[in-house]
Amino acid sequence: MKIFVKILLFIAIIVSGGLALLGMKFGILGLAFLTVPFGLTCGLLLGKEVIGPYVGNSLANQVYTPKNIKPMPPEFPQIRAKIANEKYGEAVADLKALLEKDPGNYHIIELLIEIFVNKTNDHENAIGLISAYLKKDGRCAQDVPIVMKLVDVYLEEDALDEAIGLLEDEMERKYPDKELKYIKARLEGIDRKD
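This write-up is about the structure you can find in this document. Starting from 1, residues in each chain are numbered consecutively following that chain's sequence as written. Local features in this predicted model are restricted to residues of pLDDT 70 or higher, and side-chain atom pairs are both shown and tallied only at a pLDDT of 80 or more, whereas totals for entire chains, interfaces and linings draw on every residue. Based on all heavy atoms of the structure, the side-chain values leave hydrogens and waters out of the count.

### Re a nonpolar patch on the surface
No. 1: To count toward a patch, a residue needs a relative accessible area above 30% and no salt bridge. Like charges then connect within 9 Å, nonpolar side chains (Val, Leu, Ile, Met, Phe, Trp, Tyr) within 5 Å. Using a 1.4 Å probe, accessible areas were evaluated by the Shrake-Rupley method; residue-level cover was limited to the displayed protein chains. Salt bridge, as applied in this entry: a Lys or Arg side-chain nitrogen positioned within 4 Å of an Asp or Glu carboxyl oxygen. Where nonpolar side chains cluster on the molecular surface, the patch consists of Ile 3, Phe 4, Val 5, Ile 7, Leu 8, Phe 10, Ile 11, Ile 14 and Val 15 and spans about 890 Å² of accessible area.
No. 2: Comment: elements are numbered from the N terminus, with helices defined as DSSP H or I runs of at least four residues and strands as E runs of at least two. With respect to the secondary-structure elements, Ile 3 resides in helix H1 (residues 2–23).
No. 3: Three exposure classes are used, based on accessible area relative to the maximum for each residue type with a 1.4 Å probe and protein chains only: buried under 20%, partly exposed in between, and exposed over 50%. Among the residues examined, Ile 3 registers a relative accessible area of 64% and is labelled exposed.

Next up, the structure:
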């Protein structure tokens with residue numbers, strides 16, 4: 001059935017494209033009644049059914065699902081519900097149990113950081129967790145937001161030297177230019193007490 005639908009789509013794209021080109025031979029009326037409507041139809045079908053899915057999937061795989069980030073654990077909806085109900089202790093316990101089974105899972109780390117930094121202000125645990133995570137092999141650009149969380153925590157704890165040292169170390173990494181500019185801007189934006 002899917003092959004039949006794909007064949008029909010292909011025929012519709014070819015026919016509508018051909019009629020759009022044919023309309024150009026008949027002057028203004030041809031443009032108005034053939035080229036414009038069938039050109040739009042051809043473009044819509046081609047974009048939505050052929051180009052869109054291919055480009056969208058390739059971009060999504062490059063931007064949102066890098067190969068070195070594991071999938072989100074299936075227990076996340078229940079844990080997020082606990083966070084929403086301010087049951088932070090239970091959520092942290094569940095996340096730590098998941099982390100034991102799957103050390104270094106980006107999603108687990110990110111949610112723990114969210115709890116420690118934004119919900120409970122447990123900076124000691126946040127610093128320990130993030131520092132341990134950042135020692136992993138295979139660091140990537142997706143780690144930059146976590147680095148920035150650690151910088152925020154350091155600054156809240158008045159650990160200016162640690163924040164600056166961390167950012168300077170990160171500038172030495174082989175990140176894409178966009179991330180390096182962001183790190184540099186953050187480093188330059190720190191109010192250094194001389």
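### Considerations on the pattern of salt bridges
No. 1: Applying the stated criterion to the full structure yields eight salt bridges.
No. 2: In this structure, the salt-bridge partner of Arg 139 is Asp 143, at a minimum N-O distance of 3.1 Å. Comparing Arg 139 with Asp 143 shows no difference in burial state: the two are buried.
No. 3: The salt bridge involving Asp 152 is made with Arg 186; its shortest N-O contact spans 2.3 Å. Taken together, the residues span a long stretch of sequence, with Asp 152 in helix H7 (residues 144–156) and Arg 186 in helix H9 (residues 177–189) at a distance of 34 residues.
No. 4: For Arg 186, a relative accessible area of 21% gives the class partly exposed.
No. 5: Sharing partners across several salt bridges, the network here consists of Lys 136, Arg 139, Asp 143, Glu 170 and Arg 173.

### Some thoughts on H1
Within an α-helix, residues lying three or four positions from one another point in the same direction, as the helix has 3.6 residues per turn.
No. 1: Residue count minus one, scaled by 1.5 Å, sets the expected span of a helix. Look at H1: 31 Å from first C-alpha to last across 22 residues, which is about the 32 Å you get at 1.5 Å a residue.
No. 2: Taken residue by residue, H1 has Ile 13, Ser 16, Gly 17, Ala 20 and Gly 23 as its buried positions. Seen along its axis, H1 keeps its buried residues to an arc of 125°; they face one direction. Within H1, the exposed residues directed more than 90 degrees away from the buried face are Ile 3, Phe 4, Phe 10 and Leu 21. In this description, the arc belongs to the directions extending from the helix axis to the C-beta atoms.

### Quick word on the side chain of Glu 179
No. 1: Here Glu 179 is to be found in helix H9.
No. 2: Although buried, Glu 179 forms no salt bridge, and the nearest oppositely charged side chain, Lys 178, lies 5.3 Å from it. Counted as positive: Lys and Arg. Counted as negative: Asp and Glu, with His and the chain ends omitted from the count.

### Quick word on the nonpolar core
No. 1: In this description, a nonpolar core means a group of buried Ala, Val, Leu, Ile, Met, Phe, Trp, Tyr and Cys residues linked to one another through side-chain atoms lying within 4.5 Å. Among the nonpolar cores identified, the biggest contains 43 residues, and Leu 95, Leu 112, Leu 134 and Ile 146 are the most heavily contacted of them.
No. 2: Contributing elements (two or more residues each) for this core: helix H3 (76–84), helix H4 (88–101), helix H5 (106–119), helix H6 (123–133), H7, helix H8 (160–171) and H9.
No. 3: Residue contributions to this core peak at nine residues, all from H5.
No. 4: In this analysis, two residues are considered to be in contact whenever any of their non-hydrogen atoms come within 4.5 Å of each other. Apart from the residues within four sequence positions on either side, Leu 112 is in contact with Val 92, Leu 95, Leu 99 and Leu 129.

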